[in-house]
Amino acid sequence: MEPAAIELESASVQLSGRTIWSDVSMRMGRGEFVALLGANGSGKSTLLKAVLGALPLAAGRVSVLGRSPGEANRAIGYLPQRHAFELGARLRGRDIVRLGLDGDRWGVPLPWPASWGRGGAHAGGASAAGARAGRVSATRRQVDEALELVGASSYAERPIGECSGGEQQRLLIAQALVRRPQLFLLDEPLDSLDLPNQASVAALVADICRTAGVAVLLVAHDVNPLLPYLDRVVYLARGHAVEGPVEQVITSETLSRLYGVPVEVLKASDGRLVVVGQPEAPAHHHDRHDHTHTHAHAHAS
C-alpha cells in the first residue's frame, strides 16, 4: 500500500514544558483535501511544524510521505501564515513565484535540490553557458506553469504591492506549488481575504488537489468556504483531536465531547455551519474580524 501523505500515531508535542496536544492520531491519504480546524492557540500551526520536522514530538510517531519529518521536505509545498506586502513593494509577481525555486522563503525554510541555482560551477566555456541558459529556460517554464495553474499569468509582471489581497495570495500559492510538490501545507490561506476571495482561493486549492493529485492539509479558522471540497477534517481542542468526515466531526455531540462543555452546531438555510456555545478559554470560538461580544458565530473553527 502506498505510504500515507501524513500519518500521526499517538503523537504529542510540548513547548517550554507545556503540552500543546497529546495522543493525536490521523492518517491523510495521497490526493486528499483535509482541513485542520481549531481555535487560536489550539496547536494547528504547531502540527504543521511537526510535519515539516521543525518541531520534534515529545511522544508518538509521525510519518510524512513514508519518511521521517524533514526528510521529505523537497516534496512539500508550504504556505505559512500570510505576510502583508507594502504598497510600494516593487518585486514582481513572477519574482515572488521564482523565490519558491531558488530564493529565500518566509516561514520554515525548506532544502533545495542541489541542481537548482547552483549547477555548472565547475564546467567551462560554452558548455557552462549552455547549461546556464538551459537552467534559466527550465526555471522560466516552471514559473510560467505555476502562474497559469493559479490563474495569475495576467498580473505576473505587476509589482506585488499593487496586487489585491486575493491576487497576492494566488501568487504565494504559486510560489509553494512551483516545485511540483506531492504534499501541500497551507497555514490559514483564507485569513484576511473577503468572502468572494475566500471562495475562489478555496476552489483553486481544491482544483489543484484533484487535478494534480496533491495532498492538501489546510489550516482554517472558518470551515464554511471549504465545505464543498473537503474529504475530511481534523479538529483540535483542549489538547486533543478528532478526525473524520465533516458531517461526523462538526456536530453538537462531537464538539461538546471534545471541548467538555455544551456546544451546539446549527445548519443555516444556505448550508453554512454555525457553532453556538462558549467553550472554556483558550479553546473558544470567535471571529477575529468581529470585535463585538457574541457567542453565536457563522464559523466552525
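Structural notes, computed from the coordinates. Because the structure is predicted, anything quoted here is derived from the model rather than measured.

Thresholds applied
Residues numbered from 1 in each chain as written. Predicted model: local features only at pLDDT ≥ 70, side-chain atom pairs only at ≥ 80, totals over all residues. Heavy atoms only, no water. Helix = DSSP H or I, 4+ residues; strand = E, 2+ residues; numbered from the N terminus. Buried < 20%, exposed > 50% of the residue type's maximum accessible area, 1.4 Å probe, protein only. Areas by Shrake-Rupley, 256 points an atom, 1.4 Å probe, with all protein chains shown as cover. Pairing = 2+ DSSP bridges. Axes fitted to C-alpha atoms, helices over the stretch in contact; angles between N-to-C directions. Contact = heavy atoms within 4.5 Å. Core = buried A, V, L, I, M, F, W, Y, C linked by side-chain atoms within 4.5 Å.

### Re the overall build of the chain
- A count of helical and extended segments in the chain gives seven helices and twelve strands.
- Expressed as a percentage of its 301 residues, the buried residues of the chain come to 49%.
- Of the accessible surface of the chain, which amounts to about 13800 Å², a share of 51% is contributed by carbon and sulfur atoms.

### Focus: the sheet that holds strand β5 (residues 76–79)
- Spatial strand order, β5-β6-β7-β3-β8-β9: six strands in an open sheet with mixed pairing. Two strands bound the open sheet, and with one partner strand each, they are β5 and β9 (240–244). Strand-to-strand twist across the sheet, computed as the mean angle between neighbouring axes with direction ignored, equals 15°.
- Bridge analysis of strand β3 (residues 33–37) against strand β7 (residues 215–219) gives four bridges, and the strand direction is parallel. Bridge pairing links Val34 to Leu217 in β7.
- The sheet strands contacting helix α1 (residues 44–52) are β3, β5, β6 (183–187), β7 and β8 (232–237), and the helix crosses β6 at an angle near 150°.

### Some words on the nonpolar core
- By size, the foremost hydrophobic cluster in this structure holds 57 residues, and its most contacted members are Phe33, Ile173, Phe184, Leu226, Tyr235, Ile250 and Leu255.
- In terms of residue count, helix α5 (residues 195–212) provides more of this core than any other element does, seven residues in total.
- In terms of nonpolar packing, the next biggest core, distinct from the first, is built from 32 residues, Val24, Leu47, Val51 and Leu55 among them.

### Description of the side chain of Gln198
- With respect to the element layout, Gln198 can be found in helix α5.
- The residues touching Gln198, leaving out its near neighbours within four places in the chain, are Leu190, Leu193 and Pro225.

### A word on unusual backbone geometry
- Residues other than glycine seldom take positive phi values, yet Leu65 does so here, at roughly 55°.
- As for its position among the elements, Leu65 is in the loop between β4 (59–64) and β5.
- A residue is classified by how much of its surface remains accessible, and Leu65, at 9% relative accessible area, is buried.
- Backbone geometry places Ser192, a non-glycine residue, at a positive phi of 70°.
- As for its placement among the helices and strands, Ser192 is situated in the loop between β6 and α5.

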